[in-house]
Structure formats: structure tokens, C-alpha cells
Amino acid sequence: NFVGADYSQGIVFIMENNRIVWQHKAPESNDIWVLPNGNLLFSTGKGVLEITRQNDTIFHYTSESPIFACQRLKNGNTFIGECNAGRLLEVSPDGNIVSDICILPEGVSDGTFAFMRNARKLDNGHYLVAHYGDECVKVVWQVRIPGGPHSVIRLPDGHTLVAVADKTQNPRIVELDKQGKTVWEISNKDIPGKPLKFLGGMQYFLDGRLLFTNWVGHVNPEQRNHLFLVDREKNILCTVENRE
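Residues numbered from 1 in each chain as written. Predicted model: local features only at pLDDT ≥ 70, side-chain atom pairs only at ≥ 80, totals over all residues. Heavy atoms only, no water.

## A word on empty space enclosed by the protein
Right, so step 1: Enumeration over the complete set of coordinates arrives at one cavity of 30 Å³ or more.
Right, so step 2: Considered as a void within the structure, the largest cavity measures approximately 50 Å³ in volume.
Right, so step 3: Around the largest cavity, the lining residues are Leu161, Trp184, Tyr204, Gly208, Leu210, Val230, Asp231 and Arg232.
Right, so step 4: Taken together, the residues that form the lining of the largest cavity break down as five nonpolar, one polar and two charged. (1 Å grid on protein atoms, 1.4 Å probe; cavity = no way out; pocket = protein on both sides within 12 Å on 5 of 7 lines; lining within 4 Å. Points joined across faces, edges and corners; volume = space filled by probe spheres on them. Nonpolar A, V, L, I, M, F, W, Y, C, P; charged D, E, K, R; others polar.)

Written out as C-alpha cells, the structure reads:
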């Protein structure tokens, strides 16, 4: 069972036994979390919502900028990444902005739609940001990632996973060590049929398995593999393909 954000159809959903059992309208949604209390936190194009499974709104934030990243923090606040505005926000449960950091280059007022995608606030207070247009990932260091980095995850050992899109026609996931050196990678070179198109969201499991999404919106192939579950040896453990 899993939850997902369907950017193309403009919904978020819960799937159980290969069947959608709940869904909610969410235009251009890109990020979603199941919170410990069972509520869902997700982006909605130019906003962020937390709702119950009975569709009651618990938290909401609206913006003039596209939003690709949201995250519930341990202190109860919500981290939000505003793309064009280049703002890394921390918003209290009552909707007040308690922290506002702008990471746009000096003299730039609009980073445009390609400025950043997923971002995360780390426990040490640092931020991990995928700069899609600039093709790099930034934290306290910066590393070039050709192809359009879309999502980033900090692993327990301090390494960083990056999901890469299709700007160079080489969609892949790379694992970087603390110095920014690639120590692991999975791409179409490792999978028969070259099914990877545009790698977006990811979820890492402590046993080393990795679940990642494969958006096919830019190429729209007849056969669509939307989700892959792989292990460290790059074995494909499970996929979610076309469904009626």
C-alpha cells in the first residue's frame, strides 16, 4: 500500500491492493507525506495542505510561487520551498512564517519555474536543495548533477541520494558521499528495456531498498512503468505499471 502525488492528473491518492481507495484534488502536486497521525501533507501547485482522510483541512498555505517541496518538521512547523521566489520557509501551525531564507542569486527577483524542485530541511539546520535549472545540488557544498536534479534525500550515513530527470536523456539516481563523489548509481544501463524516463520522488528504507517514481510526461510512451522498488544490488523487486 502507498500514497502518491499524480502531477499529471492533479490528484493525490491512497492505493491499497493495487486499487485507489481515496483521492483528493491537488493540481500539479509534487510532494506528499503520511504524517504520524494519519493525516496527509502535500503540495498543491501554489500551496500546501494538510488534511484528514475525511477531507478536513488542518493546515494550509498559499503562495504566488510554484511549490515543489513541503515537509513537517519535528517542532511541528512546516518547511516549504517556493520555487520562483527561491524562498525556504518555516511556517507555524497557525500559518505564520517564522523563518524565511531567500537563496536566489544576488540581484535576481524571480528564479523562474526551473529554479528548484524538491528541498529538505535537515536536523542540523542545513538545507538540501535540488536546483533543476542549474543542474546542481546544494547543501553546505555544491555538486554538479547534469540532467536536472529533481529530488534529494540525506541517508543515515551522511550520503545523499539524488534523482535526476531527463534534460540529458540520462535519468538516474546517484548516491554521493560527503565529499560529493558518486559511490552508487542506477540508470537505464542497469535495467533491461531502458524504462526510466524522468526520475522524481524517492523513499529510502533502512534495509537499503529504494522506491522511486518514473514520470513519463515528457515522452508519454505506450508502456509506462511508474514506480520501481530496487535493492542495493540493483535488482528490481517490484514495479507499478499501466493500470485501468
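## A word on the side chain of Ser43
Right, so step 1: The residue Ser43 is located in strand β5 (residues 40-43) in this model.
Right, so step 2: A polar contact is formed between the side chain of Ser43 and the backbone nitrogen of Asn30, at a distance of 3.0 Å.
Right, so step 3: The residues touching Ser43, leaving out its near neighbours within four places in the chain, are Ala26, Ser29, Asn30, Asp31, Val48, Ile67 and Cys70. (Helix = DSSP H or I, 4+ residues; strand = E, 2+ residues; numbered from the N terminus. Polar contact = N/O pair within 3.5 Å; in protein donor to acceptor, adjacent residues only side chain to side chain. Contact = heavy atoms within 4.5 Å.)

## Concerning the sheet that holds strand β15 (residues 142-144)
Right, so step 1: Across the sheet, four strands lie side by side as β12-β13-β14-β15; this open sheet has antiparallel pairing. A strand with exactly one partner marks an edge of an open sheet, and here the two such strands are β12 (119-121) and β15. In this sheet, adjacent strand axes meet at a mean angle of 10° when their direction is disregarded.
Right, so step 2: The pairing of strand β14 (residues 136-138) with β15 spans three bridges and is antiparallel. (Pairing = 2+ DSSP bridges. Axes fitted to C-alpha atoms, helices over the stretch in contact; angles between N-to-C directions.)

## Notes on the nonpolar core
Right, so step 1: Within the largest apolar cluster, 15 residues are counted, with the highest numbers of intra-cluster contacts made by Leu161, Ile173, Met202, Leu210 and Phe212.
Right, so step 2: Those elements giving two or more residues to this core turn out to be β17 (160-164), β19 (182-187), β20 (199-204), β21 (210-214) and β22 (227-230).
Right, so step 3: When sequence neighbours within four positions are dropped, the list of residues in contact with Leu161 reads Ser151, Val152, Ile153, Leu155, Ile173, Val174, Glu175, Met202, Tyr204 and Leu210. (Core = buried A, V, L, I, M, F, W, Y, C linked by side-chain atoms within 4.5 Å. Buried < 20%, exposed > 50% of the residue type's maximum accessible area, 1.4 Å probe, protein only.)

## Details of the side chain of Thr78
Right, so step 1: Tracing the backbone shows Thr78 in strand β9 (residues 78-82).
Right, so step 2: According to the relative accessible area criterion, Thr78 is buried, its value standing at 1%.
Right, so step 3: Not counting residues up to four positions away in its chain, the partners in contact with Thr78 are Leu41, Phe59, Gln71, Arg72, Leu89, Glu90 and Val91.

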